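Below, each chain spelled out in residue letters.
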Amino acid sequence: MRDKLSDSKFLAQLALLVAVEIVMKLTGLGSVPIGPLYMSFLTLPIAIGAILMGPLAGAILGGVFGIASFMDAISGASVMGGVLFQVAPFKTFVLCVITRVLMGACAGIIFKAINKVLKDRTIAYSIGAISAPILNTIFFMGFLVIAFYDTDYIQKLAHTIGATNPLTFVITLVGLQGLIEAATCCVLGTIVSKALAKHLGHNTAGNTNA
């Protein structure tokens, strides 16, 4: 880890992806409000970083996403986040930040594992790319249910959407937007990662980045 954090090439590429993440967030290109949640495309730079640079980069980029989300909760820019922050600030931090750090790291780990097994690099890129939005949904919604499902706000929301248990709550709330997020990140993540890997000379077949 120390070697990577002292590698100027690694830091420069990481800084570029962090900048992309921030610009997408600030300009609104990275998220579209859908009810109490956002259809987020901010997992795209995270997936690209995790694929090209490994789990450490994925974790850092996930942390950037998470901090931006947590700031929205503090400021009230996110309706759900703002309410949950009032209920339990620390749990909201875990929900917004820690789940995204884990998502980025795991996306990198998954790509490394798949890339060692599959000969078809396109499939490996696709699995790595789609893992980020899927894991983001699993970790975020999973912790949301564990930590906040019994709160008045979530119970009222569950009643509004007609969900009778945690599983139907997650499926109904995520719904079509989750599929769109996953499909978009898969397609764009695969195309961009392959192009950048070729341009930057990344040898993903033997990628051992941590």
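All of these numbers come straight from a predicted model, not from anything done at the bench.

1. Considering the packing of aromatic side chains
- Scanning the model with the defined rule gives 4 aromatic pairs in all.
- Taking the centre distance of 5.8 Å and the plane angle of 70° together, the rings of F70 and F85 count as edge-to-face. Within this pair, whereas F70 is found in helix 4 (residues 55-75), its partner F85 is found in helix 5 (residues 79-87), the two being separated by 15 residues in sequence.
- Where Y149 meets F169, the ring centres are 5.8 Å apart and the plane angle is 70°; that geometry is what we call edge-to-face. Of this pair, Y149 sits in the loop between helix 7 (121-148) and helix 8 (152-161) while F169 sits in helix 9 (residues 166-200), placing them 20 residues apart in sequence.

2. Examining helix 4
- Its 21 residues place the ends of helix 4 30 Å apart at the C-alpha level, agreeing with the 30 Å of an ideal helix rising 1.5 Å per residue.
- Within helix 4, 15 of the 21 residues are buried, which leaves the element mostly enclosed by the surrounding structure.
- One or two residues past the end of helix 4 sits G76, with phi positive at roughly 90°.

3. Here we look at the packing of helix 5 against helix 8
- It is at 10 Å that the axes of helix 5 and helix 8 come closest, and there the two elements cross at 145°. Contact with helix 5, carried on its side by V79, M80, V83 and L84, involves Y153, I154 and L157 of helix 8 and no other residues of that element.
- Split into classes, the residues belonging to the contact of helix 5 with helix 8 amount to 7 nonpolar, no polar and no charged.

4. Remarks on the UniProt feature "transmembrane region" (unreviewed entry) in the chain
- According to UniProt, the positions carrying the feature "transmembrane region" (unreviewed entry) are residues 90-111, 123-149 and 169-192.
- A helix fraction of 96% and a strand fraction of 0% characterise residues 123-149, whose end C-alpha atoms lie 36 Å from each other.
- For residues 169-192, the helix share is 100%, the strand share is 0%, and the end-to-end C-alpha distance is 34 Å.

Conventions we followed
Residues numbered from 1 in each chain as written. Predicted model: local features only at pLDDT ≥ 70, side-chain atom pairs only at ≥ 80, totals over all residues. Heavy atoms only, no water. Phe/Tyr/Trp six-rings, centres within 6.5 Å; stacked < 30°, edge-to-face > 60°. Helix = DSSP H or I, 4+ residues; strand = E, 2+ residues; numbered from the N terminus. Expected span 1.5 Å × (residues − 1). Buried < 20%, exposed > 50% of the residue type's maximum accessible area, 1.4 Å probe, protein only. Axes fitted to C-alpha atoms, helices over the stretch in contact; angles between N-to-C directions. Contact = heavy atoms within 4.5 Å. Nonpolar A, V, L, I, M, F, W, Y, C, P; charged D, E, K, R; others polar. UniProt positions renumbered as here; feature names shortened; annotations may be inferred.

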